[in-house]
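# Residue-level structure breakdown
Take a look at the letters that make up each chain.
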Amino acid sequence: MKAIQKIINETLVTFGILTAIFAILTFFIGDEASGVSSLFESGKLAIPVKSVFQFFILSFMTALLKNLMYSNYMIKRISRVFRQIILFVLCFILLVIMILVCGWFTRDSKLPWLLTALAFVLSFSCTIIITTLLEKKDDEKMNDALEKFK
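This is a predicted model, so every value here is computed, not measured. (Residues numbered from 1 in each chain as written. Predicted model: local features only at pLDDT ≥ 70, side-chain atom pairs only at ≥ 80, totals over all residues. Heavy atoms only, no water.)

### What about the pattern of salt bridges?
Counted under the stated rule, the structure contains 2 salt bridges. Lys-50 is paired through a salt bridge with Glu-41; the nearest N and O atoms lie 3.5 Å apart. Given a relative accessible area of 44%, Glu-41 falls into the partly exposed group. The closest approach of N and O atoms between Glu-135 and Arg-80, which form a salt bridge, is 3.5 Å. Here Glu-135, found in helix H5 (residues 110–149), pairs with Arg-80, found in helix H4 (residues 80–102); they are 55 residues apart in sequence, far enough to count as distant. With relative accessibility at 27%, the residue Glu-135 sits in the partly exposed group. (Salt bridge = Lys/Arg side-chain N within 4 Å of Asp/Glu carboxyl O. Buried < 20%, exposed > 50% of the residue type's maximum accessible area, 1.4 Å probe, protein only. Helix = DSSP H or I, 4+ residues; strand = E, 2+ residues; numbered from the N terminus.)

Spelled out as C-alpha cells, the structure:
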C-alpha cells in the first residue's frame, strides 16, 4: 500500500510541475509554436485537454520507472550511479515514445527535438544533483543518530 501511495504522490507532483511548466510556455510561446507542436495547438489560450491527459500518462509512467529503479531489489543489485544512468535512459526513451505516439511534434523538426533533449538533460541533471544531496544529508542524519544510539 505504501508503494502505491508513493507512486500516486510522485505522479501528482511530476504532473503538477509538468503542467505548470507548459502553462508558462503556452503563455509565452503558444502562438509561435502552434503550427509546430500539437501541445500548443490552441496557441497561448490553453493547453489542449488531450495533452493534459498525455502529461498525466507520462508522469505516471515516470513514477513507475523511478519506483522500479529505487526498489529494494534494484538497490541491492545496482549501484546508485548506474541506477540513475539507467533511469535517465529509460525516461528519455519513454519521452521519445510519448512524443512519437502523441504527435507532439514531427520527426523531421530538428529544433523541437534539440530543445526537448536539452530541457530533459538539464532538468534530469538538476533532479539527480538535488536528490543526491538530499540522500547524503539523510545518510549523515542516520549515521549521526546511529552513533548517538551506540
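### Structural notes on the packing of aromatic side chains
Each aromatic ring pair is specified by the distance between its two centres and by the angle formed by the two planes. If you walk through the whole model with that rule in mind, you get 11 aromatic pairs. Centre to centre, the rings of Phe-88 and Phe-120 are 5.2 Å apart; their planes meet at 45 degrees, and the pair counts as tilted. Separated by 32 residues along the polypeptide, Phe-88 in helix H4 and Phe-120 in helix H5 bring together distant segments of the chain. Ring geometry for Phe-92 against Phe-120: centres 5.2 Å apart, planes inclined by 55 degrees, an arrangement best described as tilted. Residue Phe-92 is located in helix H4, and its partner Phe-120 is located in helix H5; the two are separated by 28 residues in the primary sequence. (Phe/Tyr/Trp six-rings, centres within 6.5 Å; stacked < 30°, edge-to-face > 60°.)

### Considerations on the confidence of the model for the protein chain
With 99% of its residues at a pLDDT of 70 or more, the protein chain has an overall mean of 88. The secondary-structure element of the protein chain with the lowest mean pLDDT is H5, recorded at 83, while helix H2 (residues 49–69) shows the highest, at 93. (pLDDT = per-residue confidence, 0-100.)

### Some words on a negative patch on the surface
Judged by side-chain charge, Asp-138, Asp-139, Glu-140, Asp-144 and Glu-147 come together as a negatively charged surface patch. Inspection of the secondary structure assignment puts Glu-147 in helix H5. (Patch = residues over 30% accessible without salt bridge, like charges linked within 9 Å, V, L, I, M, F, W, Y side chains within 5 Å. Areas by Shrake-Rupley, 256 points an atom, 1.4 Å probe, with all protein chains shown as cover. Lys, Arg positive; Asp, Glu negative; His and termini not counted. Charge placed at Lys NZ, Arg CZ, Asp CG, Glu CD.)

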